[in-house]
Each structure stands twice: as C-alpha cells, then as structure tokens.
Amino acid sequence: MVLTMDDRDGYIWLDGQLVDWRSANVHILTHAMHYASSVFEGERAYNGVVFEQDKHHQRLIDGAAFMGMKVPWSLEQINQAVSDTLKANGLVDAYVRPLVWRGAERISVSAPDATIHLAIATWPWPKYFPDEVIKNGMRLDISKWRRPSPETAPATIKAAGLYMICTLSSNEALSKGYNDALLLDYRGDISEATGANIFLIRDGVIHTPDPHCILNGITRQTIIRLARERGIEVIERPIPFEELGSFDEVFLTGTAYEVIGVSSIGDHSFTMGDTTRQLAKDYDDLVNRRV
Ligand SMILES: Cc1ncc(COP(=O)(O)O)c(C=O)c1O
C-alpha cells in the first residue's frame with residue numbers, strides 16, 4: 001500500500017497550532033490553488049538540528065515578500081515552530097516542508113487583502129535516490145522547458161508556480177527512464193535540475209551557473225565555500241550548453257538530493273570522480289556535525 005501524503009499519522013503545524021495530520025486541510029477556493037500564490041522551503045534536520053535553519057526561513061520570508069505576502073510569523077517563531085513540529089512527530093532526522101500561501105477570501109487574480117498562512121510538515125526522508133543511483137550517478141534528460149528570465153517570472157525564489165516547468169520536465173524524464181532533467185535557461189545556457197543546482201568540473205576547476213535565474217541553493221552556497229576551503233577554484237558564470245561535452249565530472253546539490261554525481265546528461269557521459277566524492281563527504285560531515 002502506498003503511504004499518501006494526506007493519509008498519515010502525526011501532526012502538522014498550521015497557522016500556529018499543531019493539528020492532526022489528516023485535518024491539515026484548506027478550502028478548494030484557496031487563492032494559492034488557482035494562482036500559485038505560494039512559496040515553500042525544503043529543509044533537512046540531522047540528528048535534531050535543521051541545517052542552515054535561519055537561511056531557509058529568511059529565504060521563505062523574503063520569497064513571500066517578493067510575492068507581496070507578509071509572513072505573519074518572525075524568523076525566530078518559524079524556527080520554534082519547526083522545532084515543535086519535529087518534536088511532536090518524534091523525529092530527529094527528517095525533511096521539513098514549510099509552506100506560505102494566500103487564503104480563500106477572494107478568487108480573483110488580484111488579492112492584496114488575502115490572509116497569509118503558514119504550515120509546516122515534516123517526515124522521514126533518509127535518501128532521495130536509491131543506493132545504486134548514488135553509487136553509479138544520475139542520468140539526466142535535457143528538458144524542452146527553459147528556466148525563465150527574471151523579467152518573465154520571479155525566477156530566483158522558491159515560488160510554487162516555477163515548479164510547473166520542473167514537474168513537466170521531471171515527469172517526462174522519468175517516463176523515459178532518466179532520474180531527472182537538466183533545464184537550460186531562456187538564453188540556452190545550463191541552468192539547474194528540477195530540484196537541485198548543478199556543478200561541472202574541467203581540469204580540476206569547478207564551474208557553476210551564476211544565480212541570476214536559478215534558485216541560489218543553500219547547499220550550492222555551502223559547496224562553493226567547502227570547495228574553496230579545499231583550494232579548489234570555483235567559477236560562477238553563464239555556461240553555454242555547447243560547453244557541456246568539455247566537462248569531466250558533474251554533480252548536483254540540494255537539500256533533498258544532498259550532493260550526488262551525474263553519470264550522463266543526454267548523450268554526454270561523465271566520470272564519477274574524486275572531487276564529487278570528496279565534496280559529498282565534506283557536506284555529509286558538515287551536516288552531521290562531524291567537523
Ligand atoms: C529548483 C531548485 N534548485 C535548486 C535547489 C537547491 O536548493 P537548496 O540547496 O537550498 O535546497 C532546489 C531545492 O530546493 C530547487 O528546487
């Protein structure tokens with residue numbers, strides 16, 4: 001039997017209260033359901049501590065503000081609410097999903113006076129991919145969808161609406177037997193995967209797309225720091241798709257994916273190399289506080 005997301009035991013934090021998991025519902029005429037007026041976060045708790053919790057919650061507050069939504073809870077209150085939700089569910093190693101959205105006062109495109117809501121759910125999610133994919137590397141499709149220009153959509157925040165292209169890309173990739181998809185951006189440059197940032201290595205130097213129309217992932221920022229601390233050069237720049245075949249090693253980063261090697265993108269193959277392995281270990285040591 002599949003354990004669906006709406007039919008589980010446990011508690012969800014909903015607008016200030018811990019409610020029974022199955023009762024954490026909204027009305028069908030909620031603005032966010034129709035017009036994607038929501039932003040969310042994806043976090044991981046390792047042994048009871050959420051990695052970079054302040055950065056995640058500041059990004060949530062800032063992303064909501066970008067969408068014209070003032071979150072009625074402070075960063076400290078959100079930190080506390082996450083901690084209460086983990087505790088209520090008896091979890092120490094878990095994925096955490098806060099969500100901010102516009103309520104059901106009005107079903108018209110413009111809803112400046114709608115109430116703003118916050119929910120926090122958490123569940124165990126040990127590894128995103130099976131061991132075999134972690135060991136051998138991910139196979140990525142190349143999506144036909146492109147990451148939009150920052151003038152077309154709020155491309156740099158974690159807004160639910162942007163995941164429309166991610167779901168389309170990911171569904172198609174999985175149906176063709178791939179593990180995920182790489183999206184190019186509106187200029188035809190390499191952007192990111194459907195839920196993770198991309199790093200490409202050539203001659204010992206790491207290249208990664210500059211974050212002007214991608215999510216500037218918290219894992220991405222951590223990996224750039226860890227790589228530089230190891231003396232590895234990291235260059236953030238627009239990377240034309242035509243360069244893809246010139247790289248030796250590729251990996252993805254994200255809170256859910258953590259650090260995972262890529263064995264192929266479309267027809268291009270890559271080695272599962274030492275730099276990826278080293279940075280995956282450095283990240284694992286950091287989040288598990290072994291360093
Ligand atoms: C589109 C996209 N890019 C990148 C990331 C990685 O971001 P982070 O490292 O903050 O989890 C995510 C994950 O949330 C994502 O959904």
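Residues numbered from 1 in each chain as written. Predicted model: local features only at pLDDT ≥ 70, side-chain atom pairs only at ≥ 80, totals over all residues. Heavy atoms only, no water.

Asks: Hey, could you run me through the packing of aromatic side chains in this one?
Replies: Aromatic rings in a pair are described by how distant their centres are and how their planes are angled relative to each other. Counted under the stated rule, the structure contains 11 aromatic pairs. Their ring planes at 50° and their centres at 5.2 Å tell us that tyrosine 95 and tryptophan 123 sit as a pair that is tilted. Of this pair, tyrosine 95 sits in strand β6 (residues 94-102) while tryptophan 123 sits in strand β7 (residues 116-123); the two residues are 28 residues apart in sequence, bridging distant segments of the chain. As far as burial versus exposure is concerned, tyrosine 95 and tryptophan 123 are alike and both buried. Aromatic rings pair up to connect Tyr95, Trp123, Trp125, Tyr128, Phe129 and Tyr257 into one cluster. (Phe/Tyr/Trp six-rings, centres within 6.5 Å; stacked < 30°, edge-to-face > 60°. Helix = DSSP H or I, 4+ residues; strand = E, 2+ residues; numbered from the N terminus. Buried < 20%, exposed > 50% of the residue type's maximum accessible area, 1.4 Å probe, protein only.)

Asks: So what exactly am I meant to see when it comes to the side chain of serine 263 here?
Replies: When you line up the elements, serine 263 lands in strand β15 (residues 258-265). Its relative accessible area of 17% is what places serine 263 among the buried residues. Among all residues touching serine 263, those that are not within four sequence positions of it are Asn136, Gly137, Met138, Arg139, His268, Ser269 and Phe270. (Contact = heavy atoms within 4.5 Å.)

Asks: Which parts of the structure should I look at to understand the site of the ligand?
Replies: In the vicinity of the ligand, 15 residues are found, and the nearest of them are Lys158, Tyr163, Glu192, Thr219 and Thr255. Within the side chain of tyrosine 163, one N or O atom sits 2.5 Å away from an oxygen atom of the ligand. A distance of 2.7 Å is found between an oxygen atom of the ligand and a backbone nitrogen or oxygen belonging to isoleucine 218. Against a free-state accessible area of 390 Å², the protein chains account for coverage of 96% of the ligand. Contributions of two or more residues to the shell around the ligand are made by α6 (218-229) and β14 (249-254). Taken together, the residues that form the shell around the ligand break down as four nonpolar, eight polar and three charged. (Near = heavy atom within 4 Å. Polar contact = N/O pair within 3.5 Å; in protein donor to acceptor, adjacent residues only side chain to side chain. Areas by Shrake-Rupley, 256 points an atom, 1.4 Å probe, with all protein chains shown as cover. Nonpolar A, V, L, I, M, F, W, Y, C, P; charged D, E, K, R; others polar.)

Asks: What exactly am I supposed to notice about helix α5 (residues 163-175) here?
Replies: One turn of an α-helix holds 3.6 residues; hence residues three or four places apart share an orientation. Its 13 residues give α5 an end-to-end C-alpha distance of 18 Å, which sits within 8% of 18 Å, the value for a rise of 1.5 Å per residue. If you check which residues of α5 are buried, you get Ile165, Cys166, Ser169, Ser170 and Ala173. Projection of α5 onto a plane perpendicular to its axis shows the buried side chains occupying an angular sector of 125°, all on one side. Structural note: α5 exposes Met164, Asn171 and Ser175 on the side pointing more than 90 degrees away from its buried face. Of the surrounding elements, those touching the buried residues of α5 are β8 (138-147) and β9 (180-185). (Expected span 1.5 Å × (residues − 1). Arc of directions from axis to C-beta.)

Asks: Just checking my understanding: could you explain the pairing of β14 for this structure?
Replies: Regular strands place side chains that alternate from one sheet face to the opposite one. With respect to burial, β14 is a largely interior element, six of its six residues being buried. Neither face of β14 is exposed, since Glu249, Phe251 and Thr253 on one face and Val250, Leu252 and Gly254 on the opposite face are all buried. The sheet contact formed by strand β11 (residues 197-202) and β14 spans five bridges and is antiparallel. Bridging across to β14, phenylalanine 199 finds its partner in phenylalanine 251. Here five bridges tie β14 to β15, and the two strands are oriented antiparallel to one another. Its bridge partner being in β15, valine 250 is matched across the sheet by valine 262. The antiparallel hairpin formed by β14 and β15 contains three residues in its connecting segment. (Pairing = 2+ DSSP bridges.)

Asks: Please clarify how helix α3 (residues 75-88) should be interpreted in this entry.
Replies: Compared with the 20 Å implied by 1.5 Å per residue over 14 residues, the 20 Å span of α3 between its first and last C-alpha is a close match. Taken together, the buried positions of α3 are Leu75, Ile78, Asn79, Ala81, Val82, Thr85 and Leu86. The arc that holds the buried residues of α3, viewed along the axis, is 160°, so those residues lie on one side. Opposite the packed face of α3, turned more than 90 degrees from it, sit the exposed residues Glu76 and Lys87. Following α3 by one or two positions, glycine 90 adopts a phi angle in the positive range, close to 65°.

Asks: Would you mind going over the nonpolar core with me for this structure?
Replies: Nonpolar side chains tend to gather and get buried jointly when the protein is soluble and globular. Among the nonpolar cores identified, the biggest contains 27 residues, and Met138, Leu252 and Ile265 are the most heavily contacted of them. Of all the elements in the fold, those that place two or more residues in this core are β7, β8, β9, β10 (190-193), β11, β14 and β15. When residues in this core are grouped by element, the largest group, three residues, is from β15. There are two domains that each give this core at least three residues, and those are domain 1 (11-123) and domain 2 (131-287). One finds Met67, Ile78, Val82 and Ala159 within the second-largest nonpolar core, a separate group that totals 24 residues. (Core = buried A, V, L, I, M, F, W, Y, C linked by side-chain atoms within 4.5 Å. Domains from an automatic or database assignment.)

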